[in-house]
Amino acid sequence: MQKKEYIIALDQGTTSSRTAILDKEGKIVAMSQKELTQIFPQPGWVEHDPIEILEAQIATLKEVISEQSINASQIVSIGITNQRETTVIWDKSTGKPIYNAIVWQDKRTVDKCNDLNKNGLAEYIKKTTGLVIDSYFSATKIHWILNNIKGAQDRAEKGDLLFGTIDTWLLWNLTDGKVHATDYSNASRTMLYNIEELEWDTKLLNELNIPENILPEVKPSSFLYGHYSYEGVQLPISGIAGDQQAALFGQACFTKGEAKNTYGTGCFMLLNTGEDIEYSDNGLLTTIAWGVEDKVYYALEGSVFVAGSAIQWLRDGLEVIKTASDSEFFANKIKGENPVYVVPAFAGLGAPYWDMNARGAVFGLTRDTGKEHLIKATLDSLAYRVKDVLSVMQKDSKTKLTSLKVDGGACVNNTLMQFQADILNVIVQRPEIIETTLMGAAYLAGIGVGIWNLEDIENNRKLSSEFSPSITEEKRLNLYKKWQKAVERTKDWID
Ligand code: ADP
């Protein structure tokens with residue numbers, strides 16, 4: 001009998017490193033996870049130890065294989081997905097990082113970003129990289145390391161150092177220093193990559209004094225990158241994508257106009273814009289979704305800073321619920337219309353309002369307002385914010401959304417998902433497996449070695465639930481109008 005074959009997905013996230021094994025039917029058969037130490041050297045600074053990342057990733061990989069008593073020869077492919085933008089620079093000959101990984105959340109390069117803005121580069125950066133100037137992206141983090149670690153700039157210029165986002169760092173180590181590469185999706189988050197010409201941008205490299213020789217080669221997301229030698233067997237590494245793009249792929253949003261939203265601490269929305277590059281007039285990001293089967297696909301990306309964290313506020317701040325899932329129980333107590341609106345602008349408002357001086361507020365209180373009204377209104381606010389962003393995404397990309405695919409911790413809330421469908425007037429689809437990031441990495445890897453194609457993946461995708469709009473257009477418009485009125489009143493609150 002032929003032995004069963006498996007695909008491995010490595011998911012190196014901000015808070016943990018995970019490894020999953022999938023069978024050829026795309027089912028997750030086992031998973032292993034290790035938490036990651038968060039290092040905060042100063043207010044606003046966030047770092048990870050690259051060696052800890054690497055060791056944890058390899059440890060989970062070995063653990064999950066040995067637990068399943070799988071033979072190395074049964075593994076046909078490895079895919080990698082990763083926290084995006086986080087920056088590592090290491091010595092080419094020793095393999096040692098010259099500084100900790102600077103995490104995407106890190107704000108130490110805000111001043112440098114302001115300089116780039118002052119130098120009039122915003123429009124150029126938007127056109128070439130698709131991004132808005134921000135300390136999130138790798139570019140100014142690389143600049144910081146080269147400028148602040150003694151001798152780093154010289155060593156970089158001499159060709160002694162290498163830069164990588166986390167995918168590249170893992171790949172280089174797994175291939176024993178043989179392969180220094182990344183994929184289009186990760187390259188498009190560095191703020192150094194020309195997403196149209198598909199090459200590193202010389203003008204931006206010069207502006208930040210970054211020698212091109214430290215940068216990885218950029219390859220398609222499904223591609224035979226190299227091999228990891230495990231128990232004498234050469235395992236192909238054949239898929240790489242940044243976490244949000246991997247989730248879009250894992251949700252099988254393969255065609256223009258398809259979108260996914262992840263309801264986590266914040267919300268991350270990506271809309272596939274096909275082979276067309278669409279730029280936003282509302283501060284959304286243009287990014288490469290993936291390169292697969294000789295084509296490069298693009299996406300518009302938007303995020304909502306406060307989403308699941310508003311539910312955490314109900315739980316830990318107001319203490320009106322004990323667990324996040326209680327929010328559904330209380331919300332369901334409200335039968336008619338809820339007159340209460342909560343705008344959780346705890347740290348200002350992002351797209352499409354962009355008002356950092358806005359602050360949260362509750363509207364519509366009356367003497368009979370109970371905690372259930374407040375809880376339902378907070379849940380509703382997630383759906384309204386998603387509508388705010390998706391509306392401008394559709395406008396910017398001139399496409400019309402037909403359905404929204406959902407994942408992330410809060411997508412298990414049926415009341416929220418129903419309200420989302422109602423307020424968006426599109427069908428909301430929740431997959432059976434909400435581990436879409438892992439799935440995306442595995443799918444890309446499977447395609448990379450030719451065991452799957454896009455059609456297989458679409459056929460394999462199983463829905464757990466579908467939510468259809470169930471309110472009238474009039475009601476939808478009225479609700480949303482009220483929401484926008486509430487948002488208006490939170491703006492420009494702090495001086
Ligand atoms: P992250 O990856 O950002 O840490 P997760 O995808 O794990 O987030 O989702 C966790 C978030 O989802 C938390 O902020 C939590 O408040 C919220 N959440 C979890 N379950 C529910 C639920 N049933 N209803 C509403 N929100 C929920």
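Everything in this summary refers to the structure shown in the same document. Note that the coordinates shown come from a computational prediction; the quantities given were computed from them, not determined experimentally. Every residue gets a number counted from 1 within its own chain, in the order that chain's sequence is written. Given that the model is predicted, a residue must reach a pLDDT of at least 70 before its local features are reported, and side-chain atom pairs must reach 80 or more before they are shown or counted; all residues, however, enter totals for whole chains, interfaces and linings. The side-chain quantities take in all heavy atoms of the structure and omit both hydrogens and water.

What follows is about a negative patch on the surface. Residues with no salt bridge and a relative accessible area higher than 30% make up the patches, which join like charges within 9 Å and nonpolar side chains (Val, Leu, Ile, Met, Phe, Trp, Tyr) within 5 Å. Only the protein chains shown count as covering a residue, and every accessible area follows the Shrake-Rupley method with a 1.4 Å probe. Salt bridge, as used here: a side-chain nitrogen of Lys or Arg that lies within 4 Å of a carboxyl oxygen of Asp or Glu. In this tally, Lys and Arg are treated as positive and Asp and Glu as negative; His is ignored, and so are the chain termini. The location of each charge is read from NZ of Lys, CZ of Arg, CG of Asp or CD of Glu. A grouping of Glu196, Glu197, Glu199 and Glu212 is seen on the molecular surface, where their side chains present a negatively charged patch. Going along the chain from the N terminus, every DSSP run of H or I of four or more residues is numbered as a helix, and every run of E of two or more is numbered as a strand. Mapped onto the secondary structure, Glu196 falls in the loop between strand S10 (193–194) and strand S11 (199–200).

This part takes up unusual backbone geometry. The amide bond that connects Ala351 to the next residue, Pro352, takes the cis arrangement and shows omega of -5 degrees. One can find Pro352 in the loop between strand S19 (341–343) and strand S20 (361–363). Residue Ala252 is not a glycine yet carries a positive backbone phi of 55 degrees. Considering the arrangement of structural elements, one finds Ala252 in the loop between helix H9 (243–250) and strand S15 (259–263). Residues other than glycine seldom take positive phi values, yet Glu293 does so here, at roughly 50 degrees. Residue placement: Glu293 occurs in the loop between strand S17 (285–292) and strand S18 (295–304). Exposure is judged per residue with a 1.4 Å probe applied to protein chains only, and the accessible area is read against the type maximum: over 50% gives exposed, under 20% gives buried, and values in between give partly exposed. Look at Glu293 and you get partly exposed, because its relative accessible area is 45%.

Of note, Gln12 is situated in strand S1 (residues 6–12). Residue contacts are counted whenever heavy atoms from the two residues lie within 4.5 Å of one another. Dropping the residues within four chain positions of it, Gln12 is found in contact with Ser17, Leu36, Ile53, Gln57, Thr81, Asn82, Gln83, Ile166 and Leu170.

Only the stretch in contact is used when fitting a helix axis, every axis being a line fitted to C-alpha atoms; angles between N-to-C directions are given from 0 to 180 degrees. Orientation of helix H12 (residues 371–397) relative to helix H13 (residues 414–424), taken along the N-to-C sense of each, is 40 degrees, at an axis distance of 9 Å. The orientation of H12 relative to H13 falls into the category oblique. The chirality of how H12 crosses H13 is right-handed. Judged by residue contacts, Lys376, Leu379, Asp380, Leu382, Ala383, Tyr384, Val386, Lys387 and Leu390 of H12 engage Leu416, Phe419, Gln420, Ile423 and Leu424 from H13. Partitioning the contact of H12 with H13 into residue classes produces 10 nonpolar, 1 polar and 3 charged. Here the angle decides the label: under 35 degrees means roughly parallel, over 145 means roughly antiparallel, 65 to 115 means roughly perpendicular, and every other value means oblique. Take the far helix as your reference; a near helix turned counterclockwise from it by less than a right angle gives a left-handed crossing, and one turned clockwise gives a right-handed crossing. For this classification, Asp, Glu, Lys and Arg are treated as charged, while Ala, Val, Leu, Ile, Met, Phe, Trp, Tyr, Cys and Pro are nonpolar and the rest, including Gly, are polar.

Strand pairing follows a simple DSSP-based rule, namely that at least 2 bridges must link the two strands. Two elements, strand S2 (residues 16–23) and strand S3 (residues 28–35), share 7 bridges in a ladder whose sense is antiparallel. Among the inter-strand pairings, Ala20 is bridged to a residue of S3, identified as Met31. The antiparallel pairing of S2 with S3 creates a hairpin that spans 4 residues between the two strands, and Gly26 there sits at a positive phi of about 80 degrees.

Remark: helix H10 (residues 308–317) packs on H12, axes separated minimally by 9 Å, with the N-to-C direction vectors making an angle of 165 degrees. Viewed along their axes, H10 and H12 adopt a mutual orientation that is roughly antiparallel. Crossing angle aside, the handedness with which H10 passes H12 is right-handed. From H10, Gly308, Ala310, Ile311, Trp313 and Leu314 reach across to H12, where they touch Ile375, Thr378, Leu379 and Leu382. Taken together, the residues of the contact of H10 with H12 break down into 7 nonpolar, 2 polar and no charged.

As a further point, take the site of the ligand. In the vicinity of the ligand there are 14 residues, among which Thr265, Gly308, Gln312, Gly409 and Asn413 approach most closely. The protein chains hide 67% of the 580 Å² of surface that the ligand would expose on its own. The element best represented in the shell around the ligand is H10, accounting for 4 residues. Partitioning the shell around the ligand into residue classes produces 4 nonpolar, 10 polar and no charged. The cutoff for a nearby residue is simple: one of its non-hydrogen atoms must lie within 4 Å of the molecule or strand.

So, to be careful, I would describe these as geometric facts and stop short of saying anything about function.
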